[in-house]
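Structural overview
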Amino acid sequence: MPHAKSYHPYAAVTILFWSMAFVFTRLALQYFTVYSLGVLRYITASAVLVIVAVVTRMKLPKLRDLPWFLLSGAAGFAIYMVVFNLGSQSVSASTGSVILATTPILTALLARAVYGEKLKPLQYGAIGLSFIGVVVLTVLRGGFTFGGGLTYMFASAFLVAVYNLLQRRLTRTYTAFQSTAVSIFLGTLMLCVFLPGAVTELRAAPPIQYLYVLILGVFSSAVAYCAWTKALSLAANTSSVSNYMFITPFLTTLLGLWIAGEAVELSTVIGGALIILGLLLFRFVDRLPAGRPRA
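Residues numbered from 1 in each chain as written. Predicted model: local features only at pLDDT ≥ 70, side-chain atom pairs only at ≥ 80, totals over all residues. Heavy atoms only, no water.

**Some details on the side chain of Asp-65**
Put simply, the rule reads: In this description a helix means any DSSP run of H or I spanning at least four residues, a strand means any run of E spanning at least two, and both kinds are numbered starting from the N terminus. Residue contacts are defined here by distance: any two heavy atoms, one from each residue, within 4.5 Å place the two residues in contact.
Mapping Asp-65 onto the fold places it in the loop between α2 (34-56) and α3 (66-88). Other than its neighbours up to four places away in sequence, Asp-65 contacts Thr-173 and Tyr-174.

What follows is the structure in structure tokens.
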């Protein structure tokens, strides 16, 4: 496959920057509220994308597609950003990344519900194995806390899965940049209700926090989402791209240790191992050796 037509480089770039987002979000939430960080991150991303849109003379979407863009902006950015930040307040970067790694399975389940794609029996078993990992992860952290950070992270994974399907649909008509930029613009507009408080917090924040917001807005948002949507537009199916999220927990754990000095929790190791095993089984079930034919 020619390099320019391969989705792999785009997906790999996205996963690197999304792994960074787990760490830098935790650091930024030491000074900003959940809502302020969300609007600051995407105003920064929008500012970058506006410049690119003007330079490239990006065309506006057709009016009939506006509802799909609104849904994409809400699921992928406005609602997601608030929910993700709420989860990041009480869940470590490594644990959060493990939970978000369930997105490929959620994407596949939604694709079945929406597009009628079928799953194999072993794939249902893989889902069950990942669910056991989720239970272990939750119990070792002190029980089922449905109002806590884990719940918010699971909601974030679901929202990303919804966003994946919406972007898959939009890129049939629009370029990856158009689809991403318009979705981010609309999501940012929704988040602007939190702008007054964000400005107040920004004025009082130390300079290092400006760097965190810049990294989150430019790299973990503008660049990462454009690359992700480009990967979705090039791949044969959505799951091929979303499966790259399997790598996120390992990268996030390394970055968390290096940048933030976060310790790796036992619950993350045990529960995360089961979740990742289930995810890998789900992804590579077709490559398992078939049983020997009977005589």
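**Details of α3**
Spacing of three or four residues puts side chains on the same side of an α-helix, whose turn is 3.6 residues. The line we're drawing: Between the first and last residue of a helix there are one fewer steps than residues, each counted as 1.5 Å, and that sum is the expected span. Think of it this way: the bend at a residue is just the angle between two axes, each fitted to seven residues, one set ending at that residue and the other starting at it. To sort residues, take the accessible area from a 1.4 Å probe on protein chains only and compare it with the maximum for the residue type: under 20% means buried, over 50% means exposed, and anything in between is partly exposed.
If you check α3, its first and last C-alpha atoms are 31 Å apart, about what 23 residues at 1.5 Å a residue would give, namely 33 Å. Approximately 50° is the largest bend angle found in α3, and it occurs at Tyr-80. Of all 23 residues that make up α3, 17 are buried, and the element is covered over most of its length.

**Re unusual backbone geometry**
One non-glycine residue with positive phi stands out, namely Arg-57, at about 55°. Among the structural elements, Arg-57 can be located in the loop between α2 and α3. Taking relative accessible area as the criterion, Arg-57 reaches 74% and is therefore assigned exposed.

**Observations regarding the packing of helix α1 (residues 8-28) against helix α10 (residues 207-234)**
Note the following rule: Only the contacting stretch of a helix is used when fitting its axis, a line to C-alpha atoms as for every element, and angles between N-to-C directions run 0 to 180 degrees. Convention used here: angles under 35 degrees read as roughly parallel, angles over 145 as roughly antiparallel, angles from 65 to 115 as roughly perpendicular, and any remaining angle as oblique. A clockwise turn of the near helix away from the far one marks a right-handed crossing, whereas an anticlockwise turn of less than a right angle marks a left-handed crossing. Residues are grouped as follows: Ala, Val, Leu, Ile, Met, Phe, Trp, Tyr, Cys and Pro are nonpolar; Asp, Glu, Lys and Arg are charged; every other residue, Gly included, is polar.
Look at α1 against α10: their axes get within 8 Å of each other, and the N-to-C directions meet at 150°. Our classification of the angle between α1 and α10 gives roughly antiparallel. Note on packing geometry: the crossing formed by α1 with α10 is left-handed. Across the contact of α1 with α10, the residue classes break down as 22 nonpolar, 4 polar and 1 charged.

**Brief notes about the confidence of the model for the protein chain**
Segments scoring low in pLDDT should not have their predicted coordinates read at a detailed level. Applied cut-off: Each residue carries a pLDDT score, the predictor's own confidence in it, on a scale running from 0 to 100.
Confidence in the prediction of the protein chain, expressed as mean pLDDT, is 83, and 84% of residues score 70 or more. Here helix α11 (residues 238-242) is the element of the protein chain with the lowest mean pLDDT, 69, and α2 is the one with the highest, 95. For residues 291-295, every residue scores under 50 in pLDDT, and the model assigns this stretch 0 contacts once sequence neighbours within four places are set aside.

**Structural notes on empty space enclosed by the protein**
Defined as follows: Note on definitions: the grid is 1 Å and covers protein atoms alone; a cavity is a set of points where a 1.4 Å probe fits but cannot get out; a pocket is an open set with protein on both sides within 12 Å along at least five of seven lines; lining residues have an atom within 4 Å of a point. Grid points are joined across faces, edges and corners, and a volume is the space filled by probe spheres set on the points.
What the rule picks out here adds up to 2 cavities of 30 Å³ or more. Estimated volume of the largest cavity: approximately 100 Å³. Looking at the lining of the largest cavity, the elements with two or more residues in it are α1 and α3. The class makeup of the residues in the lining of the largest cavity is 9 nonpolar, 1 polar and 1 charged.

**Describing the packing of α3 against helix α7 (residues 149-170)**
At a minimum axis distance of 8 Å, the contact between α3 and α7 shows a crossing angle of 160°. Comparing the axis directions of α3 and α7 gives the class roughly antiparallel. Handedness of the crossing formed by α3 with α7: left-handed. Here the residues of the contact of α3 with α7 sort into 19 nonpolar, 7 polar and 1 charged.

**Some details on the environment of Gly-278**
Within the fold, Gly-278 resides in helix α13 (residues 266-284). The spatial distance from the C-alpha of Gly-278 to the C-alpha of Ala-126 is 4.4 Å, given a sequence separation of 152 residues. The contacts of Gly-278, once residues within four sequence positions are left out, are Ala-126, Leu-129 and Ser-130.

**Looking at a nonpolar patch on the surface**
Note the following rule: Patches here are clusters of residues that have more than 30% relative accessible area and form no salt bridge, with a 9 Å joining cutoff for like charges and a 5 Å cutoff for nonpolar side chains (Val, Leu, Ile, Met, Phe, Trp, Tyr). Accessible surface is estimated by sampling points in the Shrake-Rupley manner with a 1.4 Å probe; for residues, cover comes only from the protein chains shown. Just to be clear on terms, a salt bridge is a Lys or Arg side-chain nitrogen sitting within 4 Å of an Asp or Glu carboxyl oxygen.
Judged by side-chain polarity, Leu-63, Leu-66, Leu-70 and Met-190 come together as a nonpolar surface patch covering roughly 350 Å² of accessible area. Within the secondary structure, Leu-66 sits in helix α3. Its relative accessible area of 31% is what places Leu-66 among the partly exposed residues.

**Looking at the environment of Phe-22**
Take Phe-22: it is sitting in helix α1. When the C-alpha atoms of Phe-22 and Ser-97 are compared, they prove to be 7.0 Å apart, with 75 residues separating the residues in sequence. In this structure Phe-22 touches Phe-84, Ala-93, Gly-96, Ser-97, Leu-100, Thr-248 and Thr-252, once residues within four positions along its chain are discounted.

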